[in-house]
Amino acid sequence: MKRAPLPPGSLDDTDRRVLNALQDRLPIRHSPFDEVAGPLGLTERDLIARIARLREIGAITRFGPFFDAAAMGGAFCLCAIAVPAARFDEVMTLVNAHPEVAHNYERQHHLNMWFVLACEKPNGIARVAKRIEAETGLHVHLFPKLKEFFIGFRVTA
């Protein structure tokens, strides 16, 4: 899904503080949002509403846990396909039908479809990529992770 760029000033100071707070670990408890909301001067309901609004305006594309697949015996792999423009929606639908596809993005490049495969076992990456190739008739380029970096993303004014 393509989103228009955010208009200037779309994020207020509280939005920025929410985004920064959500980069840290959420507590594992019955009401984790309540614990995060308090120091931000928000109620749990207000925090959840802000997260929904941030998704609606395209400030964030998803909100959810990030699992370390390798630590659990699985694997992630960045993948790309050169998709003819006339077939983009068709191929996107085929690719996204696989439960192993974590997310899918269109790019302005020869390799115009990029997605991430997340599999329970490392050998699942090649298996799913081959299945996508068979379904689409297009080559899936695999870009396995060589090293992981944590960039510590923060939003400033």
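Scoring rules and cut-offs
- Residues numbered from 1 in each chain as written.
- Predicted model: local features only at pLDDT ≥ 70, side-chain atom pairs only at ≥ 80, totals over all residues.
- Heavy atoms only, no water.
- Phe/Tyr/Trp six-rings, centres within 6.5 Å; stacked < 30°, edge-to-face > 60°.
- Helix = DSSP H or I, 4+ residues; strand = E, 2+ residues; numbered from the N terminus.
- Pairing = 2+ DSSP bridges.
- Core = buried A, V, L, I, M, F, W, Y, C linked by side-chain atoms within 4.5 Å.
- Buried < 20%, exposed > 50% of the residue type's maximum accessible area, 1.4 Å probe, protein only.
- Contact = heavy atoms within 4.5 Å.
- UniProt positions renumbered as here; feature names shortened; annotations may be inferred.
- Salt bridge = Lys/Arg side-chain N within 4 Å of Asp/Glu carboxyl O.

S.K.: I'm lost on the packing of aromatic side chains in this one. Help?
M.R.: Remark: the centre distance and the inter-plane angle together describe each pair of aromatic rings, the angle taken between the planes. Per the stated rule, a full pass over the model turns up one aromatic pair. Centre to centre, the rings of tryptophan 114 and phenylalanine 143 are 5.3 Å apart; their planes meet at 25°, and the pair counts as stacked. Residue tryptophan 114 is found in strand β3 (residues 113–119), and its partner phenylalanine 143 is found in strand β4 (residues 141–144); the two are separated by 29 residues along the sequence.

S.K.: Could you clarify how one ought to interpret the pairing of strand β2 (residues 101–106) in this entry?
M.R.: As defined by bridge partners, β2 adjoins β3 across five bridges and the pair is classed as antiparallel. Among the inter-strand pairings, valine 101 is bridged to a residue of β3, identified as leucine 117. Between β2 and β3, which pair antiparallel and follow one another directly, the connecting turn spans six residues.

S.K.: Please explain the nonpolar core as it appears in this structure.
M.R.: In globular proteins that are soluble, nonpolar side chains generally tend to be buried together. Counting residues in hydrophobic clusters, the biggest one holds 19 residues, and the most contacted among them are Ile81, Val95, Met113, Phe115, Leu117 and Ile132. Secondary-structure elements contributing two or more residues to this core are β1 (75–81), α4 (88–96), β3 and α5 (123–136). In contact with leucine 117, not counting residues within four places along its chain, are Ala75, Phe76, Cys77, Cys79, Glu100, Val101, Ile125, Val128, Ala129 and Ile132. Within the second largest apolar cluster, 14 residues are counted, among which are Leu19, Leu40, Ile51 and Val155.

S.K.: Even after reading the chapter, I still don't get the UniProt feature "domain: Siroheme decarboxylase NirL-like HTH" (unreviewed entry) in the chain, so can you show me in this structure?
M.R.: UniProt records the feature "domain: Siroheme decarboxylase NirL-like HTH" (unreviewed entry) at residues 15–60, using the numbering of this structure. Its end C-alpha atoms 11 Å apart, residues 15–60 is made of 59% helix and 0% strand.

S.K.: Explain the pattern of salt bridges here, please?
M.R.: When the charged atoms of two side chains with opposite charge come close together, those side chains can pair. One pass over the full model with this rule turns up seven salt bridges. The partner of arginine 50 in a salt bridge is aspartate 15, with the nearest N and O atoms 2.6 Å apart. Taken together, the residues arginine 50 in helix α3 (residues 44–56) and aspartate 15 in helix α1 (residues 13–22) connect sequence positions 35 residues apart. For the salt bridge of arginine 29 with glutamate 35, the shortest nitrogen-to-oxygen distance reads 2.5 Å. Look at arginine 29 and you get partly exposed, because its relative accessible area is 43%. Exposure remark for glutamate 35: the relative accessible area of 39% places this residue in the partly exposed category. Each member of the salt-bridge network shares a partner with another, and the members are Asp12, Asp15, Arg50 and Arg53.

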